[in-house]
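One letter stands for each residue in the lines below.
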Amino acid sequence: MIISEKLRALGAEAERELGGIFADIDRISEINTEKVLDAFREAEISESHFAPSTGYGYGDRGRDAVDAVATRIFGGEAGFMRPSIISGTHALTVGLFALLRPGDVMLSVTGRPYDTLTDVIGIDCPNGDGSLADFGVKYEEIPLSESGEIDLAAVRVAAERLRDSLRVVFIQRSKGYLSRPTLTVSQIRRAAHGVREIARSLGIEPPFVAVDNCYGEFTELSEPCFDPSLPGEEAVDMVIGSLIKNPGGGMADTGGYIIGSKRAAELAGYRLCCPGVGLDAGASLGQNRNILKGLFYAPHTVAQAMKTAHLAAYVFSRLGYRVSPGPTERRSDIIQTVDLGTPEGLVGFCQGIQSSSPVDAHVSPEPWAMPGYADEVVMAAGAFTGGSSIELSCDGPMRPPYTAFLQGGLTWESGKLGILRAAQTVLEKSGKDFDL
Ligand SMILES: *Cc1c(COP(=O)(O)O)cnc(C)c1O
(Lines give C-alpha, C1' and ligand atoms only; values in the text may rest on other atoms or scores of the structure.)
Protein backbone atom coordinates (compact mmCIF):
# COMPACT_ATOMS: atom_id res chain seq x y z
CA MET A 1 0.00 0.00 0.00
CA ILE A 2 1.26 3.45 -0.83
CA ILE A 3 1.24 5.43 2.43
CA SER A 4 3.96 8.02 2.99
CA GLU A 5 6.36 7.70 5.93
CA LYS A 6 5.04 11.00 7.28
CA LEU A 7 1.47 9.71 7.30
CA ARG A 8 2.54 6.46 8.95
CA ALA A 9 4.24 8.55 11.63
CA LEU A 10 1.04 10.60 12.03
CA GLY A 11 -0.86 7.33 12.47
CA ALA A 12 1.55 6.25 15.20
CA GLU A 13 1.22 9.63 16.90
CA ALA A 14 -2.58 9.32 16.82
CA GLU A 15 -2.43 5.86 18.35
CA ARG A 16 -0.26 7.18 21.19
CA GLU A 17 -2.39 10.25 21.81
CA LEU A 18 -5.64 8.29 21.76
CA GLY A 19 -4.33 5.54 24.07
CA GLY A 20 -6.50 6.55 27.02
CA ILE A 21 -9.66 6.64 24.90
CA PHE A 22 -8.81 3.29 23.31
CA ALA A 23 -8.48 1.79 26.79
CA ASP A 24 -11.99 3.06 27.62
CA ILE A 25 -13.33 1.58 24.39
CA ASP A 26 -11.74 -1.79 25.24
CA ARG A 27 -13.29 -1.68 28.69
CA ILE A 28 -16.78 -1.08 27.22
CA SER A 29 -16.18 -3.94 24.79
CA GLU A 30 -15.17 -6.29 27.61
CA ILE A 31 -18.22 -5.45 29.75
CA ASN A 32 -20.55 -5.85 26.77
CA THR A 33 -18.86 -9.14 25.85
CA GLU A 34 -19.53 -10.40 29.37
CA LYS A 35 -23.19 -9.44 28.94
CA VAL A 36 -23.32 -11.36 25.65
CA LEU A 37 -21.70 -14.47 27.14
CA ASP A 38 -24.07 -14.37 30.14
CA ALA A 39 -27.02 -14.26 27.75
CA PHE A 40 -25.65 -17.18 25.71
CA ARG A 41 -25.12 -19.31 28.83
CA GLU A 42 -28.58 -18.49 30.16
CA ALA A 43 -30.16 -19.53 26.84
CA GLU A 44 -28.02 -22.72 26.85
CA ILE A 45 -26.81 -22.03 23.32
CA SER A 46 -25.61 -25.28 21.74
CA GLU A 47 -24.86 -26.65 18.30
CA SER A 48 -28.43 -27.83 17.79
CA HIS A 49 -29.52 -24.18 17.71
CA PHE A 50 -27.58 -23.74 14.47
CA ALA A 51 -29.74 -26.26 12.58
CA PRO A 52 -31.72 -24.67 9.72
CA SER A 53 -35.50 -24.92 9.53
CA THR A 54 -37.83 -24.65 6.53
CA GLY A 55 -41.49 -23.93 5.80
CA TYR A 56 -43.42 -22.54 8.75
CA GLY A 57 -40.39 -23.05 10.92
CA TYR A 58 -42.48 -24.42 13.79
CA GLY A 59 -40.32 -25.65 16.63
CA ASP A 60 -37.23 -23.81 15.40
CA ARG A 61 -35.39 -23.75 18.74
CA GLY A 62 -32.52 -21.74 17.32
CA ARG A 63 -34.83 -18.93 16.18
CA ASP A 64 -36.41 -18.73 19.63
CA ALA A 65 -32.97 -18.80 21.28
CA VAL A 66 -31.73 -15.93 19.09
CA ASP A 67 -34.80 -13.89 20.06
CA ALA A 68 -34.21 -14.64 23.75
CA VAL A 69 -30.48 -13.89 23.65
CA ALA A 70 -30.98 -10.61 21.80
CA THR A 71 -33.77 -9.54 24.15
CA ARG A 72 -31.59 -10.27 27.17
CA ILE A 73 -28.55 -8.42 25.75
CA PHE A 74 -30.61 -5.34 24.88
CA GLY A 75 -32.35 -5.40 28.24
CA GLY A 76 -35.90 -5.59 26.85
CA GLU A 77 -38.88 -7.57 28.08
CA ALA A 78 -39.47 -9.21 24.70
CA GLY A 79 -38.38 -8.97 21.11
CA PHE A 80 -36.90 -10.63 18.08
CA MET A 81 -33.83 -10.67 15.85
CA ARG A 82 -34.63 -12.29 12.51
CA PRO A 83 -33.13 -12.80 9.06
CA SER A 84 -36.54 -12.07 7.49
CA ILE A 85 -35.94 -8.37 8.19
CA ILE A 86 -33.95 -7.13 5.21
CA SER A 87 -32.65 -3.78 6.49
CA GLY A 88 -32.90 -1.05 9.09
CA THR A 89 -35.60 0.72 7.11
CA HIS A 90 -37.58 -2.51 6.94
CA ALA A 91 -37.27 -3.03 10.71
CA LEU A 92 -38.38 0.57 11.33
CA THR A 93 -41.32 0.06 8.97
CA VAL A 94 -42.40 -3.07 10.84
CA GLY A 95 -42.08 -1.28 14.17
CA LEU A 96 -43.96 1.87 13.19
CA PHE A 97 -46.82 0.07 11.43
CA ALA A 98 -47.09 -2.19 14.49
CA LEU A 99 -47.74 0.69 16.85
CA LEU A 100 -49.72 3.22 14.78
CA ARG A 101 -53.41 3.13 13.81
CA PRO A 102 -55.55 5.48 11.65
CA GLY A 103 -55.98 8.85 13.36
CA ASP A 104 -52.88 8.38 15.50
CA VAL A 105 -50.00 10.82 15.48
CA MET A 106 -46.32 9.93 15.21
CA LEU A 107 -44.21 12.69 16.76
CA SER A 108 -40.52 12.71 15.87
CA VAL A 109 -38.69 14.59 18.63
CA THR A 110 -35.27 14.47 16.95
CA GLY A 111 -36.25 16.46 13.87
CA ARG A 112 -36.41 14.96 10.40
CA PRO A 113 -35.85 11.17 10.52
CA TYR A 114 -33.37 9.23 8.37
CA ASP A 115 -33.88 9.83 4.62
CA THR A 116 -35.41 6.45 3.77
CA LEU A 117 -38.19 6.94 6.34
CA THR A 118 -39.79 9.87 4.51
CA ASP A 119 -41.47 7.50 2.03
CA VAL A 120 -42.47 5.11 4.83
CA ILE A 121 -44.12 7.87 6.84
CA GLY A 122 -45.41 9.71 3.76
CA ILE A 123 -43.98 12.97 5.06
CA ASP A 124 -45.78 16.04 3.70
CA CYS A 125 -48.30 13.94 1.76
CA PRO A 126 -49.74 10.46 1.26
CA ASN A 127 -47.86 8.68 -1.56
CA GLY A 128 -50.39 6.00 -2.48
CA ASP A 129 -47.77 3.33 -1.92
CA GLY A 130 -49.02 2.30 1.50
CA SER A 131 -47.21 4.85 3.61
CA LEU A 132 -48.39 5.58 7.16
CA ALA A 133 -50.03 8.74 5.77
CA ASP A 134 -52.02 6.62 3.30
CA PHE A 135 -53.53 4.84 6.30
CA GLY A 136 -54.48 8.10 8.02
CA VAL A 137 -51.53 8.27 10.42
CA LYS A 138 -50.45 11.85 10.98
CA TYR A 139 -46.87 12.95 11.40
CA GLU A 140 -45.29 15.87 13.23
CA GLU A 141 -41.73 16.71 14.16
CA ILE A 142 -39.90 18.80 16.75
CA PRO A 143 -36.25 19.68 16.07
CA LEU A 144 -33.59 19.24 18.73
CA SER A 145 -32.95 22.35 20.84
CA GLU A 146 -29.99 24.66 20.15
CA SER A 147 -27.93 22.66 22.62
CA GLY A 148 -28.77 19.37 20.88
CA GLU A 149 -31.27 18.13 23.49
CA ILE A 150 -34.77 16.75 23.04
CA ASP A 151 -37.09 19.73 23.57
CA LEU A 152 -39.48 18.44 26.25
CA ALA A 153 -41.18 21.81 26.63
CA ALA A 154 -42.21 21.62 22.97
CA VAL A 155 -43.24 17.98 23.45
CA ARG A 156 -45.55 19.08 26.29
CA VAL A 157 -47.20 21.73 24.09
CA ALA A 158 -47.73 19.13 21.33
CA ALA A 159 -49.06 16.53 23.79
CA GLU A 160 -51.55 19.06 25.24
CA ARG A 161 -52.90 19.68 21.75
CA LEU A 162 -52.83 16.09 20.47
CA ARG A 163 -53.87 14.38 23.73
CA ASP A 164 -54.84 10.72 23.18
CA SER A 165 -54.07 10.75 19.47
CA LEU A 166 -50.35 10.99 20.31
CA ARG A 167 -49.39 7.34 19.92
CA VAL A 168 -45.65 7.23 19.11
CA VAL A 169 -42.83 9.49 20.21
CA PHE A 170 -39.99 8.71 17.83
CA ILE A 171 -36.31 9.22 18.67
CA GLN A 172 -33.40 8.72 16.28
CA ARG A 173 -30.26 8.04 18.30
CA SER A 174 -27.63 8.57 15.63
CA LYS A 175 -27.12 11.75 13.65
CA GLY A 176 -27.51 9.75 10.43
CA TYR A 177 -26.84 12.15 7.54
CA LEU A 178 -27.50 15.27 9.58
CA SER A 179 -24.99 17.57 11.18
CA ARG A 180 -26.52 17.33 14.64
CA PRO A 181 -25.01 15.57 17.66
CA THR A 182 -25.82 11.91 18.32
CA LEU A 183 -27.89 11.32 21.46
CA THR A 184 -26.51 9.29 24.35
CA VAL A 185 -28.45 6.42 25.89
CA SER A 186 -28.89 8.47 29.04
CA GLN A 187 -30.37 11.41 27.09
CA ILE A 188 -32.81 9.02 25.40
CA ARG A 189 -33.92 7.44 28.67
CA ARG A 190 -34.34 10.86 30.29
CA ALA A 191 -36.55 11.83 27.35
CA ALA A 192 -38.60 8.62 27.81
CA HIS A 193 -39.07 9.56 31.45
CA GLY A 194 -40.01 13.12 30.49
CA VAL A 195 -42.57 11.96 27.92
CA ARG A 196 -44.27 9.67 30.45
CA GLU A 197 -44.29 12.45 33.08
CA ILE A 198 -46.00 14.73 30.58
CA ALA A 199 -48.61 12.04 29.82
CA ARG A 200 -49.22 11.44 33.52
CA SER A 201 -49.64 15.14 34.26
CA LEU A 202 -52.07 15.55 31.34
CA GLY A 203 -53.97 12.39 32.27
CA ILE A 204 -53.50 10.91 28.80
CA GLU A 205 -52.45 7.41 27.73
CA PRO A 206 -48.61 7.39 27.63
CA PRO A 207 -47.44 7.17 24.01
CA PHE A 208 -45.02 4.45 22.91
CA VAL A 209 -41.44 5.72 22.86
CA ALA A 210 -39.71 4.12 19.86
CA VAL A 211 -36.00 4.49 19.09
CA ASP A 212 -34.13 4.14 15.80
CA ASN A 213 -31.02 2.57 17.36
CA CYS A 214 -29.05 2.16 14.08
CA TYR A 215 -25.26 2.61 14.50
CA GLY A 216 -25.56 3.02 18.28
CA GLU A 217 -25.46 -0.58 19.50
CA PHE A 218 -22.60 -1.55 21.84
CA THR A 219 -20.98 1.89 21.77
CA GLU A 220 -22.07 2.36 25.40
CA LEU A 221 -22.61 0.07 28.37
CA SER A 222 -26.36 -0.27 27.87
CA GLU A 223 -29.07 0.18 25.27
CA PRO A 224 -32.09 2.49 25.52
CA CYS A 225 -34.52 -0.26 26.56
CA PHE A 226 -32.37 -1.50 29.42
CA ASP A 227 -34.10 -0.46 32.65
CA PRO A 228 -31.35 1.43 34.43
CA SER A 229 -33.24 2.15 37.68
CA LEU A 230 -31.58 5.55 37.59
CA PRO A 231 -33.64 8.46 38.85
CA GLY A 232 -35.05 10.43 35.95
CA GLU A 233 -34.44 7.67 33.38
CA GLU A 234 -36.86 5.08 32.01
CA ALA A 235 -36.65 2.28 29.47
CA VAL A 236 -38.09 3.02 26.05
CA ASP A 237 -40.84 0.81 24.54
CA MET A 238 -39.08 -0.20 21.35
CA VAL A 239 -35.54 -0.18 19.95
CA ILE A 240 -35.01 -0.98 16.29
CA GLY A 241 -31.91 -1.72 14.22
CA SER A 242 -30.14 -3.58 11.42
CA LEU A 243 -27.81 -6.58 11.47
CA ILE A 244 -25.61 -5.30 8.67
CA LYS A 245 -24.61 -2.58 11.09
CA ASN A 246 -23.26 -2.87 14.67
CA PRO A 247 -25.13 -5.84 16.20
CA GLY A 248 -24.41 -8.15 13.26
CA GLY A 249 -20.73 -7.91 14.20
CA GLY A 250 -19.79 -8.20 10.51
CA MET A 251 -20.94 -11.84 10.61
CA ALA A 252 -24.69 -11.71 10.02
CA ASP A 253 -25.57 -12.03 6.32
CA THR A 254 -28.80 -10.06 6.73
CA GLY A 255 -31.45 -9.27 9.35
CA GLY A 256 -32.75 -6.80 11.88
CA TYR A 257 -34.24 -6.61 15.34
CA ILE A 258 -37.03 -5.08 17.37
CA ILE A 259 -36.80 -5.29 21.14
CA GLY A 260 -38.70 -3.55 23.88
CA SER A 261 -41.71 -3.84 26.15
CA LYS A 262 -43.83 -6.99 26.05
CA ARG A 263 -46.76 -5.30 24.30
CA ALA A 264 -44.70 -3.35 21.78
CA ALA A 265 -42.69 -6.45 20.81
CA GLU A 266 -45.86 -8.54 20.55
CA LEU A 267 -47.45 -5.99 18.20
CA ALA A 268 -44.26 -5.90 16.13
CA GLY A 269 -44.33 -9.71 15.90
CA TYR A 270 -47.90 -9.57 14.56
CA ARG A 271 -46.83 -7.03 11.98
CA LEU A 272 -43.66 -8.92 10.99
CA CYS A 273 -45.66 -12.10 10.46
CA CYS A 274 -49.43 -11.88 10.96
CA PRO A 275 -51.90 -11.28 13.78
CA GLY A 276 -52.52 -14.55 15.55
CA VAL A 277 -49.22 -16.12 14.51
CA GLY A 278 -46.72 -13.49 15.67
CA LEU A 279 -43.31 -14.78 16.65
CA ASP A 280 -44.18 -18.48 16.83
CA ALA A 281 -43.28 -19.14 13.20
CA GLY A 282 -40.70 -18.23 10.59
CA ALA A 283 -38.01 -20.42 9.07
CA SER A 284 -34.52 -19.31 10.05
CA LEU A 285 -33.03 -20.80 6.83
CA GLY A 286 -29.72 -21.59 8.48
CA GLN A 287 -28.99 -18.01 9.59
CA ASN A 288 -29.07 -18.63 13.35
CA ARG A 289 -25.40 -19.53 13.52
CA ASN A 290 -24.21 -16.38 11.75
CA ILE A 291 -26.52 -14.18 13.79
CA LEU A 292 -25.30 -15.68 17.08
CA LYS A 293 -21.69 -15.52 15.95
CA GLY A 294 -22.29 -11.88 14.99
CA LEU A 295 -23.71 -11.05 18.42
CA PHE A 296 -20.68 -12.71 19.97
CA TYR A 297 -18.33 -10.55 17.90
CA ALA A 298 -20.38 -7.34 17.97
CA PRO A 299 -18.96 -5.65 21.11
CA HIS A 300 -15.42 -6.24 19.81
CA THR A 301 -16.20 -5.27 16.23
CA VAL A 302 -17.90 -2.07 17.35
CA ALA A 303 -14.78 -1.25 19.41
CA GLN A 304 -12.67 -1.64 16.25
CA ALA A 305 -15.00 0.73 14.38
CA MET A 306 -14.96 3.26 17.25
CA LYS A 307 -11.16 3.30 17.30
CA THR A 308 -11.10 3.74 13.53
CA ALA A 309 -13.49 6.72 13.84
CA HIS A 310 -11.32 8.37 16.52
CA LEU A 311 -8.25 7.83 14.37
CA ALA A 312 -9.94 9.40 11.34
CA ALA A 313 -10.91 12.41 13.46
CA TYR A 314 -7.36 12.76 14.78
CA VAL A 315 -5.57 12.39 11.46
CA PHE A 316 -7.87 14.64 9.44
CA SER A 317 -8.07 17.37 12.05
CA ARG A 318 -4.24 17.37 12.18
CA LEU A 319 -4.31 17.80 8.39
CA GLY A 320 -6.54 20.87 8.84
CA TYR A 321 -9.97 19.46 8.00
CA ARG A 322 -13.12 19.98 10.05
CA VAL A 323 -14.28 16.75 11.69
CA SER A 324 -17.23 15.75 13.84
CA PRO A 325 -17.12 14.41 16.50
CA GLY A 326 -13.69 15.73 17.52
CA PRO A 327 -10.79 13.27 18.02
CA THR A 328 -11.26 12.91 21.77
CA GLU A 329 -15.03 13.44 22.01
CA ARG A 330 -17.11 10.61 23.54
CA ARG A 331 -19.38 8.79 21.12
CA SER A 332 -22.74 7.07 21.08
CA ASP A 333 -22.53 5.86 17.48
CA ILE A 334 -19.82 4.88 14.98
CA ILE A 335 -20.30 7.69 12.45
CA GLN A 336 -17.45 10.12 11.75
CA THR A 337 -17.76 13.07 9.43
CA VAL A 338 -14.87 14.79 7.67
CA ASP A 339 -15.47 17.99 5.68
CA LEU A 340 -13.10 17.68 2.71
CA GLY A 341 -13.98 21.11 1.30
CA THR A 342 -13.61 20.25 -2.39
CA PRO A 343 -15.12 17.71 -4.83
CA GLU A 344 -11.62 16.25 -5.46
CA GLY A 345 -11.08 15.92 -1.72
CA LEU A 346 -14.30 13.98 -1.15
CA VAL A 347 -13.75 11.70 -4.14
CA GLY A 348 -10.12 11.16 -3.12
CA PHE A 349 -11.20 10.24 0.40
CA CYS A 350 -13.62 7.60 -0.88
CA GLN A 351 -11.07 6.29 -3.39
CA GLY A 352 -8.52 5.90 -0.60
CA ILE A 353 -10.94 3.94 1.58
CA GLN A 354 -11.96 1.75 -1.37
CA SER A 355 -8.36 0.98 -2.30
CA SER A 356 -7.69 -0.44 1.17
CA SER A 357 -10.83 -2.65 1.26
CA PRO A 358 -10.66 -6.47 1.25
CA VAL A 359 -13.22 -6.65 -1.60
CA ASP A 360 -13.21 -4.58 -4.81
CA ALA A 361 -10.03 -2.72 -3.83
CA HIS A 362 -9.12 -2.54 -7.51
CA VAL A 363 -12.10 -0.39 -8.50
CA SER A 364 -12.24 3.37 -8.13
CA PRO A 365 -15.48 5.02 -6.95
CA GLU A 366 -16.88 7.95 -8.94
CA PRO A 367 -19.84 10.24 -8.11
CA TRP A 368 -23.19 9.18 -9.64
CA ALA A 369 -26.82 10.28 -9.59
CA MET A 370 -28.65 8.10 -7.08
CA PRO A 371 -32.45 7.82 -7.25
CA GLY A 372 -34.08 9.91 -4.53
CA TYR A 373 -31.08 12.16 -3.91
CA ALA A 374 -30.82 15.79 -5.06
CA ASP A 375 -27.03 15.77 -5.57
CA GLU A 376 -24.67 13.19 -6.97
CA VAL A 377 -23.28 10.82 -4.35
CA VAL A 378 -19.88 9.15 -4.11
CA MET A 379 -19.35 6.09 -1.94
CA ALA A 380 -16.76 3.51 -0.97
CA ALA A 381 -17.97 0.03 -0.10
CA GLY A 382 -15.60 -2.91 -0.33
CA ALA A 383 -17.52 -5.22 1.98
CA PHE A 384 -17.95 -8.99 2.32
CA THR A 385 -21.66 -8.40 2.98
CA GLY A 386 -23.59 -6.25 0.47
CA GLY A 387 -24.21 -2.77 1.84
CA SER A 388 -22.69 -3.61 5.20
CA SER A 389 -21.67 -0.47 7.05
CA ILE A 390 -20.10 -2.10 10.10
CA GLU A 391 -17.40 -2.81 7.51
CA LEU A 392 -15.24 0.22 6.67
CA SER A 393 -17.30 2.34 4.29
CA CYS A 394 -18.07 5.95 3.50
CA ASP A 395 -20.21 8.12 1.32
CA GLY A 396 -21.02 11.75 0.77
CA PRO A 397 -23.18 14.05 -1.35
CA MET A 398 -21.31 16.14 -3.95
CA ARG A 399 -22.14 19.53 -2.46
CA PRO A 400 -20.29 21.93 -0.11
CA PRO A 401 -18.76 21.38 2.38
CA TYR A 402 -18.09 18.01 0.67
CA THR A 403 -18.59 15.97 3.80
CA ALA A 404 -17.59 12.30 3.97
CA PHE A 405 -19.72 10.17 6.30
CA LEU A 406 -17.41 7.40 7.43
CA GLN A 407 -18.21 4.36 9.52
CA GLY A 408 -17.12 0.85 10.35
CA GLY A 409 -13.94 -1.16 10.33
CA LEU A 410 -14.04 -4.88 11.12
CA THR A 411 -10.51 -4.79 12.53
CA TRP A 412 -8.52 -1.91 13.97
CA GLU A 413 -5.56 -2.78 11.74
CA SER A 414 -7.56 -2.59 8.50
CA GLY A 415 -9.42 0.49 9.75
CA LYS A 416 -6.18 2.29 10.44
CA LEU A 417 -4.74 1.41 7.04
CA GLY A 418 -7.96 2.60 5.39
CA ILE A 419 -7.80 6.00 7.10
CA LEU A 420 -4.12 6.47 6.24
CA ARG A 421 -4.81 5.50 2.63
CA ALA A 422 -7.68 8.03 2.54
CA ALA A 423 -5.33 10.71 3.87
CA GLN A 424 -2.70 9.75 1.30
CA THR A 425 -5.15 10.03 -1.60
CA VAL A 426 -6.64 13.32 -0.37
CA LEU A 427 -3.15 14.85 -0.07
CA GLU A 428 -2.15 13.55 -3.51
CA LYS A 429 -5.27 15.09 -5.07
CA SER A 430 -4.78 18.44 -3.36
CA GLY A 431 -1.06 18.57 -4.19
CA LYS A 432 -0.48 19.58 -0.57
CA ASP A 433 1.97 18.31 1.99
CA PHE A 434 1.90 18.71 5.73
CA ASP A 435 4.32 19.11 8.61
CA LEU A 436 4.23 16.93 11.66
C1 LIG B 1 -28.76 3.01 8.35
C2 LIG B 1 -29.82 3.74 9.06
C3 LIG B 1 -31.17 3.51 8.84
C4 LIG B 1 -31.70 2.61 7.74
O5 LIG B 1 -31.04 1.45 7.58
P6 LIG B 1 -30.93 0.67 6.17
O7 LIG B 1 -30.44 -0.63 6.66
O8 LIG B 1 -29.97 1.41 5.32
O9 LIG B 1 -32.30 0.59 5.61
C10 LIG B 1 -32.09 4.20 9.60
N11 LIG B 1 -31.69 5.09 10.51
C12 LIG B 1 -30.40 5.36 10.75
C13 LIG B 1 -30.03 6.38 11.77
C14 LIG B 1 -29.42 4.70 10.04
O15 LIG B 1 -28.14 4.97 10.28
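Because the structure is predicted, anything quoted here is derived from the model rather than measured. (Residues numbered from 1 in each chain as written. Predicted model: local features only at pLDDT ≥ 70, side-chain atom pairs only at ≥ 80, totals over all residues. Heavy atoms only, no water.)

Chemist: For this particular structure, what's the right way to read the environment of E220?
Modeler: Inspection of the secondary structure assignment puts E220 in the loop between strand 5 (208–212) and strand 6 (238–242). The spatial distance from the C-alpha of E220 to the C-alpha of E391 is 19 Å, given a sequence separation of 171 residues. When sequence neighbours within four positions are dropped, the list of residues in contact with E220 reads I28, N32, R173, T184, V185, R331 and S332. Within the structure, E220 has its side chain in polar contact with the backbone nitrogen of V185 (distance 2.9 Å). (Helix = DSSP H or I, 4+ residues; strand = E, 2+ residues; numbered from the N terminus. Contact = heavy atoms within 4.5 Å. Polar contact = N/O pair within 3.5 Å; in protein donor to acceptor, adjacent residues only side chain to side chain.)

Chemist: Sorry, what's going on with the pairing of strand 2 (residues 105–108) here?
Modeler: Taken residue by residue, a regular strand's side chains alternate between the two faces of the sheet. Residues V105 and L107 point to one face of strand 2 and M106 and S108 to the other, with burial holding for every one of them. Both strand 2 and strand 3 (residues 138–141) contribute to a ladder of 4 bridges, which runs parallel. Residue pairing in the sheet places V105 in a bridge with K138 of strand 3. Looking at chain direction, strand 2 and strand 4 (residues 166–172) are connected through 4 bridges and run parallel. Paired with V105 across the bridge in strand 4 is L166. (Buried < 20%, exposed > 50% of the residue type's maximum accessible area, 1.4 Å probe, protein only. Pairing = 2+ DSSP bridges.)

Chemist: Please explain the packing of helix 2 (residues 19–42) against helix 3 (residues 61–74) as it appears in this structure.
Modeler: Geometrically, a packed helix pair is captured by the angle between its two axes and the distance between the axes. Where helix 2 meets helix 3, the axes come as close as 9 Å, and the angle between the chain directions of the two elements is 145°. In this structure, helix 2 crosses over helix 3, and the sense of that crossing is right-handed. For the pair formed by helix 2 and helix 3, the contact residues are K35, V36, D38, A39, F40 and E42 on the first element and V69, R72 and I73 on the second. Classifying every residue of the contact of helix 2 with helix 3 gives 5 nonpolar, no polar and 4 charged. (Axes fitted to C-alpha atoms, helices over the stretch in contact; angles between N-to-C directions. Left-handed = near helix turned anticlockwise from the far one by under 90°. Nonpolar A, V, L, I, M, F, W, Y, C, P; charged D, E, K, R; others polar.)

Chemist: Explanation requested: the layout of surface pockets in the structure shown.
Modeler: Over the atoms, a rolling probe the size of a water molecule traces out where space has been left empty. By volume, the second largest pocket is sized at about 350 Å³. T182, P325, R330, R331 and S332 are the residues nearest the centre of the second largest pocket, which is lined by 21 residues in total. Those elements giving two or more residues to the lining of the second largest pocket turn out to be helix 2 and helix 9 (288–318). Among the elements that take part in the lining of the second largest pocket, helix 2 stands out by supplying 4 residues, more than any other. Class assignment for the residues of the lining of the second largest pocket results in 6 nonpolar, 7 polar and 8 charged. Residue assignment places the lining of the second largest pocket across two domains, with domain 1 (5–31 + 296–430) and domain 2 (51–287) each supplying three or more. (1 Å grid on protein atoms, 1.4 Å probe; cavity = no way out; pocket = protein on both sides within 12 Å on 5 of 7 lines; lining within 4 Å. Points joined across faces, edges and corners; volume = space filled by probe spheres on them. Domains from an automatic or database assignment.)

Chemist: Help me understand the sheet that holds strand 1 (residues 78–82), please; the structure alone is not making it clear to me.
Modeler: Strand pairing within a sheet occurs via backbone hydrogen bonds; the two strands may be parallel or antiparallel. Here we have 7 strands laid out as an open sheet, ordered 1-7-6-5-4-2-3, and mixed in their pairing. Each end of this open sheet is capped by a strand with a single partner; those strands are strand 1 and strand 3. On average, each strand axis in the sheet is tilted by 20° relative to the strand beside it, whichever way the strands run.

Chemist: Just checking my understanding: could you explain the domain arrangement of the chain for this structure?
Modeler: One frequent convention defines the size of an interface as the accessible area lost when the parts assemble. Considered domain by domain, the chain is made up of domain 1 (5–31 + 296–430) and domain 2 (51–287). For domain 1 versus domain 2, the separation of C-alpha centres amounts to 28 Å. For the pair domain 1 and domain 2, the two sides together bury roughly 2100 Å², of which 62% comes from carbon and sulfur. Broken down residue by residue, the surface that domain 1 buries against domain 2 is led by I28, S332 and D333, which jointly contribute 24%. At the boundary of domain 1 and domain 2, one finds 0 salt bridges. Our count for the contact surface shared by domain 1 and domain 2 stands at 13 residue pairs in polar contact (both at pLDDT 80 or more). (Buried area = accessible area lost by both parts, 1.4 Å probe. Salt bridge = Lys/Arg side-chain N within 4 Å of Asp/Glu carboxyl O.)

Chemist: Whenever I open this one, empty space enclosed by the protein confuses me. Can you help?
Modeler: Scanning all chains against the criterion turns up 1 cavity of 30 Å³ or more. Approximately 40 Å³ is the volume found for the largest cavity. Lining the largest cavity are I25, I28, S29, F218, T219, P299, V302, A303 and M306. Looking at the lining of the largest cavity, the elements that each hand over two or more residues are helix 2 and helix 9. Take the lining of the largest cavity: its biggest share by element is 4 residues, from helix 9.

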